[in-house]
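# Summary of structural features
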Amino acid sequence: MHSGICFKGLPAVFDPRRRPWVIAENASTKEITAQINKCPSGALSYYMNAEENNNIKIEAETIAEVSTNGPLLVYGNIKIKHSDGREEIKNKVTAFCRCGQSSNKPYCDGTHRKVGFEG
Ligand code: FES
């Protein structure tokens, strides 16, 4: 699912119409990492240089966010236990279907837009 959250939240850095479409110098490290952490698809990622890593506090909490008319977004490291016994480890952001129409349950596949899900 491509949400465009990076473009909407920090357009000086992320602009898919521009080449290069990412200009990291246009915002602080804190602003950029905060924006990337909101990416529901996990398409964006980053790593910290060792020197900068010493100044960053890593939050170990898991956050669940209900997106308007869209999936449940879970930020953080989680283990998913499927009904057939399989287990998966997910990190960063995992989008769970709330509309019931996804072909990839329990995950969102973007179908909520096609069916006009409201909630
Ligand atoms: S919420 Fe996205 S497909 Fe159901």
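Calculation criteria
Residues numbered from 1 in each chain as written. Predicted model: local features only at pLDDT ≥ 70, side-chain atom pairs only at ≥ 80, totals over all residues. Helix = DSSP H or I, 4+ residues; strand = E, 2+ residues; numbered from the N terminus. Buried ≥ 20, exposed ≤ 12 C-beta atoms within 10 Å, placed from the backbone. Contact = placed C-beta atoms within 7 Å. Arc of directions from axis to C-beta. Pairing = 2+ DSSP bridges. Axes fitted to C-alpha atoms, helices over the stretch in contact; angles between N-to-C directions.

## A word on the overall build of the chain
Secondary structure summary: the chain contains four helices and five strands in total. Reading the chain from its N end, one meets helices and strands in the order α-α-α-β-β-β-β-β-α. Relative to its 119 residues, the chain shows a buried fraction of 16%. Pairs at least 24 residues apart make up 34% of the contacts formed inside the chain by residues separated by at least 6 positions.

## Some words on the environment of Phe96
Counting through the fold element by element, Phe96 comes out in strand β5 (residues 93–96). When the C-alpha atoms of Phe96 and Pro71 are compared, they prove to be 5.3 Å apart, with 25 residues separating the residues in sequence. Beyond its immediate stretch of four places on either side in the chain, Phe96 contacts Pro71, Leu72, Val74, Pro106, Tyr107 and Cys108.

## Considerations on helix α2 (residues 29–36)
Those residues of α2 that sit buried are Ile32, Gln35 and Ile36. Looking down the long axis of α2, one finds its buried residues gathered within 100° of arc, a one-sided arrangement. Looking at the buried residues of α2, the elements they touch are α1 (5–9).

## A word on the pairing of strand β1 (residues 63–66)
Here β1 runs beside strand β2 (residues 72–75); their pairing, made up of four bridges, is antiparallel. In the sheet register, Ala64 faces β2, and the bridge partner there is Val74. Linking two consecutive strands that pair antiparallel, namely β1 and β2, is a turn of five residues; a positive phi of about 55° is found at Asn69 within it.

## Structural notes on the sheet that holds β5
One open sheet holds the three strands; their spatial order is β1-β2-β5, and the pairing between them is antiparallel. Whereas interior strands pair on both sides, the edge strands pair on one side only; in this sheet they are β1 and β5. This sheet shows a mean twist of 20° between the axes of neighbouring strands, independent of strand direction.

## Here's the deal with the environment of Thr68
With respect to the helices and strands, Thr68 occurs in the loop between β1 and β2. C-alpha of Thr68 to C-alpha of Glu118: the two residues are 50 residues apart in sequence and 7.5 Å apart in space.

## Focus on unusual backbone geometry
A cis geometry characterises the amide bond from Arg19 onward to Pro20, with omega recorded as -5°. With respect to the helices, strands and loops of the structure, Pro20 is situated in the loop between α1 and α2. Residues Lys105 and Pro106 are joined by a peptide bond in cis, for which omega reads 10°. Looking at the element boundaries, Pro106 is found in the loop between β5 and α4 (111–114). Phi angles above zero are rare outside glycine, and Asn69 is one such case at about 55°.

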